Amino acid sequence: MMSMNDALDWFQAYTREFESEGGGLEPLLALKWSHSFSVSLEAGRIARGMRFAPDSIVHAEILGLLHDVGRFPQFRDFGTFYDAASVDHGELGWKTVSEALVLSSLEDAARLAILDGIRYHNKKEIPLDIRPSSLGMVRLIRDADKLDVFELVQRYLDEGRIRELLPRIPETWEINGAVVDSLMETGRASYSQVRSVADFLLVQLSWVFDMNYPPAFRRVLDRGVIERIETRLPLEPRVRTIIEKARTFARSSAAEGEVA
Ligand SMILES: [Fe+2]
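Residues numbered from 1 in each chain as written. Predicted model: local features only at pLDDT ≥ 70, side-chain atom pairs only at ≥ 80, totals over all residues.

Undergrad: Help me get a handle on the packing of helix H9 (residues 177-186) against helix H13 (residues 237-255), residues and values and all.
TA: Packed helices, taken two at a time, are described by their axes: the angle between them and the distance between them. Remark: H9 packs on H13, axes separated minimally by 10 Å, with the N-to-C direction vectors making an angle of 40 degrees. As the angle between them shows, H9 and H13 are arranged oblique. Classified by chirality, the crossing of H13 by H9 is left-handed. Residues Val-180, Leu-183 and Met-184 of H9 lie in contact with H13, whose contacting residues are Arg-238, Val-239 and Ile-242. (Axes fitted to C-alpha atoms, helices over the stretch in contact; angles between N-to-C directions. Helix = DSSP H or I, 4+ residues; strand = E, 2+ residues; numbered from the N terminus. Parallel < 35°, antiparallel > 145°, perpendicular 65-115°, else oblique. Left-handed = near helix turned anticlockwise from the far one by under 90°. Contact = placed C-beta atoms within 7 Å.)

Undergrad: Provide a residue-level description of the domain arrangement of the protein, including the pertinent values.
TA: Here the protein is partitioned into domain 1 (4-145) and domain 2 (169-255). On a C-alpha basis, the centroid separation for the pair domain 1 and domain 2 is 25 Å. Taken together, the contacts link 8 residues of domain 1 with 5 residues of domain 2. Those elements that provide at least two residues to the side of domain 1 that touches domain 2 are helix H2 (27-49) and helix H7 (135-158). At 4 residues, the largest contribution of residues to the side of domain 1 that touches domain 2 is made by H7. Residues that form the side of domain 1 that touches domain 2 fall into these classes: 3 nonpolar, 1 polar and 4 charged. (Domains from an automatic or database assignment. Nonpolar A, V, L, I, M, F, W, Y, C, P; charged D, E, K, R; others polar.)

Undergrad: Can you explain the environment of Ser-190? Please cite residues and give values.
TA: Along the chain, Ser-190 turns up in the loop between H9 and helix H10 (197-205). Its 11 C-beta neighbours within 10 Å are what place Ser-190 among the exposed residues. As for Ser-190 and Val-203, which are separated by 13 residues in sequence, their C-alpha atoms are 7.6 Å apart. (Buried ≥ 20, exposed ≤ 12 C-beta atoms within 10 Å, placed from the backbone.)

See below:
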């Protein structure tokens, strides 16, 4: 059986390759490094909340730690985290971890589930033909990742440093009607429509509709994720409607699986 320590040893050694001599990791890579640990914790919490078997809880934590491994070579080679302008970091991480053989002591289904989790954590949709035995882990990492990015974005906003995190997005607060239109029509919006931090926060809010597990929804509610976004948005009527939909969806999804 593979332990969390095996994954940790590999992750530490791998990411050390990206440190500059004596200088450690660049700030944005250091952020991805700590994000990996936070997502590992979130993933473990969701897995425990879902009463996963002990082995699967460890696998969820390993997946959390490794899900963004592709960010390191992406940033070194392209200087950006913007996949559309560089490389799909899910694919790159999947390839990196596959070739590193770090998961080779795991049985097939568990190994493939972690690899699929890395590969598909950042895709717009989970592919319909995903291995059924991987689906649980793919859903879980997508939830765990979102939970930490909600916190990260709010922290950078609180600290007045959002430009560092979202260098391509102008720090303005006007809402692009096209983002609202597509959120009202489909519940989704594309990053190509994002023209302001407010647009970004609206798209981020719509992540709630793409989440899966009740324990993850409970964290969204406990942490006031929706409310913290709400206080930063211009509350036009249609924006209010989207916020209310997100809140209603999160509440009903959090209650699923609860014993009456
Ligand atoms: Fe990622």
